[in-house]
Amino acid sequence: MAEMKIGVKDREGVLARADETVKTMQDFTDPAELYQELIKSVRKYHPSTDISMIEKAYNTAAEAHKNQMRKSGEPYIIHPLNVAIVLADLELDKETIVAGILHDVVEDTIMTEEDMKREFGDDVALLVDGVTKLEKIPLSSGGDQPDEKLEMQAENLRKMFLAMAKDIRVIIIKLADRLHNLRTLQFMKPEKQKEKARETMDIYAPIAQRLGISKIKTELDDLALKYSQPEVFFDLVDQINTRKMEREEFVQQIVEEVSAHMENANIKALVSGRVKHF
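Every value quoted in this text rests on a predicted model; they were computed, and no experiment measured them.

### Brief notes about the overall build of the protein chain
Here's step 1: In terms of helices and strands, the protein chain carries 14 helices and zero strands.
Here's step 2: Taken across its 278 residues, the protein chain has 42% of its residues classed as buried.
Here's step 3: Intrachain contacts of the protein chain at a sequence separation of at least 6 include 69% that bridge at least 24 residues.

### Details of unusual backbone geometry
Here's step 1: Residues other than glycine seldom take positive phi values, yet glutamate 91 does so here, at roughly 60°.
Here's step 2: Along the chain, glutamate 91 turns up in the loop between helix H4 (78-89) and helix H5 (94-102).
Here's step 3: Classification of glutamate 91 as exposed rests on a relative accessible area of 52%.
Here's step 4: Positive phi outside glycine occurs at asparagine 266, with the angle close to 60°.

### Structural notes on the confidence of the model for the protein chain
Here's step 1: Residue-level pLDDT values for the protein chain average 85, and 85% of them are 70 or greater.
Here's step 2: In this model, residues 1-9 is a region of pLDDT below 50 whose contacts with residues beyond four sequence positions or in other chains number nine contacts.
Here's step 3: In this model residues 17-27 is a low-confidence stretch, pLDDT under 50, and it forms 22 contacts with partners more than four residues away in sequence or in other chains.

### Remarks on helix H2 (residues 31-45)
Here's step 1: Counted at 1.5 Å a residue, the expected span for H2 with its 15 residues is 21 Å, and the 22 Å between its end C-alpha atoms agrees.
Here's step 2: Among all positions in H2, only Pro31, Leu34, Tyr35, Leu38, Ile39, Ser41 and Val42 are buried. Taken around the axis of H2, the buried residues stretch over an arc of 160°, which confines them to a single face. More than 90 degrees from the buried face of H2, the exposed residues found are Glu33, Lys40 and Lys44.
Here's step 3: Turning to H2, the residues buried within the fold contact helix H3 (52-64), H4 and H5.
Here's step 4: Taking the backbone nitrogen of alanine 32 as reference, a side-chain oxygen 2.9 Å away marks aspartate 30 as the first, capping residue of H2.

### What to know about the environment of valine 83
Here's step 1: Along the chain, the position of valine 83 falls in helix H4.
Here's step 2: Valine 83 sits 98 residues away from asparagine 181 along the chain, and the two C-alpha atoms are 9.1 Å apart.
Here's step 3: Among residues more than four places away in sequence, those in contact with valine 83 are Gly100, His103, Ile173, Ala176, Asp177 and His180.

### Looking at the layout of surface pockets
Here's step 1: By volume, the largest pocket is sized at about 620 Å³.
Here's step 2: As for the largest pocket, its lining consists of 25 residues, of which Arg70, Tyr76, Asn181, Met188 and Lys196 are closest to the centre.
Here's step 3: At the level of secondary structure, the elements contributing two or more residues to the lining of the largest pocket comprise helix H8 (122-135), helix H10 (168-183) and helix H11 (190-210).
Here's step 4: At five residues, H10 tops the list of elements feeding residues into the lining of the largest pocket.
Here's step 5: Counted by class, the lining of the largest pocket contains 11 nonpolar, five polar and nine charged residues.

### Let's talk about the packing of aromatic side chains
Here's step 1: With the rule as written, the count across this model stands at one aromatic pair.
Here's step 2: Taking the centre distance of 4.5 Å and the plane angle of 10° together, the rings of tyrosine 35 and tyrosine 58 count as stacked. Here the residue tyrosine 35 occupies a position in helix H2, and tyrosine 58 occupies one in helix H3, the gap between them amounting to 23 residues.
Here's step 3: It is lysine 56 that lies over the ring of phenylalanine 120; its NZ or CZ is 5.3 Å from the centre.

### Observations concerning the nonpolar core
Here's step 1: With 62 residues, the main nonpolar core has Leu38, Ile54, Leu102, Met116 and Leu220 as its most contacted residues.
Here's step 2: If we ignore the near neighbours within four places in the chain, the residues touching methionine 116 are Leu102, Val105, Val106, Met111, Gly121, Val124, Ala125 and Val128.

### Notes on the pattern of salt bridges
Here's step 1: Under the defined criterion, the tally for this structure stands at 19 salt bridges.
Here's step 2: A salt bridge links arginine 158 to glutamate 155, with the nearest nitrogen and oxygen atoms 2.8 Å apart. Residue arginine 158 and its partner glutamate 155 are located together in helix H9 (residues 147-164), separated by three residues, close to a single helical turn.
Here's step 3: A residue is classified by how much of its surface remains accessible, and arginine 158, at 5% relative accessible area, is buried.
Here's step 4: Classification of glutamate 155 by relative accessible area gives buried; the value is 19%.
Here's step 5: The residue aspartate 167 makes a salt bridge to arginine 169 at a minimum N-O spacing of 2.6 Å. Each member of the pair, aspartate 167 as well as arginine 169, carries the same accessibility label: buried.
Here's step 6: Among the ionic contacts, a cluster of salt bridges with common partners joins Lys56, Asp115, Arg118 and Glu119.

Rules used throughout
Residues numbered from 1 in each chain as written. Predicted model: local features only at pLDDT ≥ 70, side-chain atom pairs only at ≥ 80, totals over all residues. Heavy atoms only, no water. Helix = DSSP H or I, 4+ residues; strand = E, 2+ residues; numbered from the N terminus. Buried < 20%, exposed > 50% of the residue type's maximum accessible area, 1.4 Å probe, protein only. Contact = heavy atoms within 4.5 Å. pLDDT = per-residue confidence, 0-100. Expected span 1.5 Å × (residues − 1). Arc of directions from axis to C-beta. Polar contact = N/O pair within 3.5 Å; in protein donor to acceptor, adjacent residues only side chain to side chain. 1 Å grid on protein atoms, 1.4 Å probe; cavity = no way out; pocket = protein on both sides within 12 Å on 5 of 7 lines; lining within 4 Å. Points joined across faces, edges and corners; volume = space filled by probe spheres on them. Nonpolar A, V, L, I, M, F, W, Y, C, P; charged D, E, K, R; others polar. Phe/Tyr/Trp six-rings, centres within 6.5 Å; stacked < 30°, edge-to-face > 60°. Lys NZ or Arg CZ within 6 Å of the ring centre and 35° of its normal. Core = buried A, V, L, I, M, F, W, Y, C linked by side-chain atoms within 4.5 Å. Salt bridge = Lys/Arg side-chain N within 4 Å of Asp/Glu carboxyl O.

Structure representation (structure tokens):
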């Protein structure tokens, strides 16, 4: 694909239009509404779960972060709640949900690791401590270096990430954390957007792929491309949307044909299909 050059104003226009194609949480959603969304999501896959620990974590995080704001102007508690919602969408256990809500509490507030153990148990404290340790790994490698060396550095970082996490749930929390940060990346400066996009392409998206979490990997890829090469991203989206109906009709035709063959063979089956993500 030929390289496209755009000016600053054009780039802003591309990003604004591309915003519509990537899933984002609604800006300035009330924390209480997000908390109810979280609980609804948890009960959907685990109706019998006692939510008292999740509620306690929410109240603890809300109090700990009460004077903190994100660059978007939102209360900081919005971020850990969205992280927890991503984890609930993956149907993870209660301890992981709680750790997702509390993942920034020890690092950013006066709450200690001992406080965490006493209030939420060793399992949650271990997860939060694991996420905190991963935060301290420097990810960005500056300078113009050969692609082979950059890839080697990225692979070493991916291995370090996986080795440092004693529990795979730590990695999943970190992926959810990065996903929500990318969803709100429009509030960062352009150079920071590109830095985070590069880290995501080099470290986070490949790890999500290795773990088989395509739901997160796909969105990480979309958002990273959107901020690293917005003109390419929008061009792809435009081309795909143009042919979307054609591809959907083709998939439906295949579904109907396979269904007919199954019926003729007296095989009871439900055949479904979807247009593959770009």
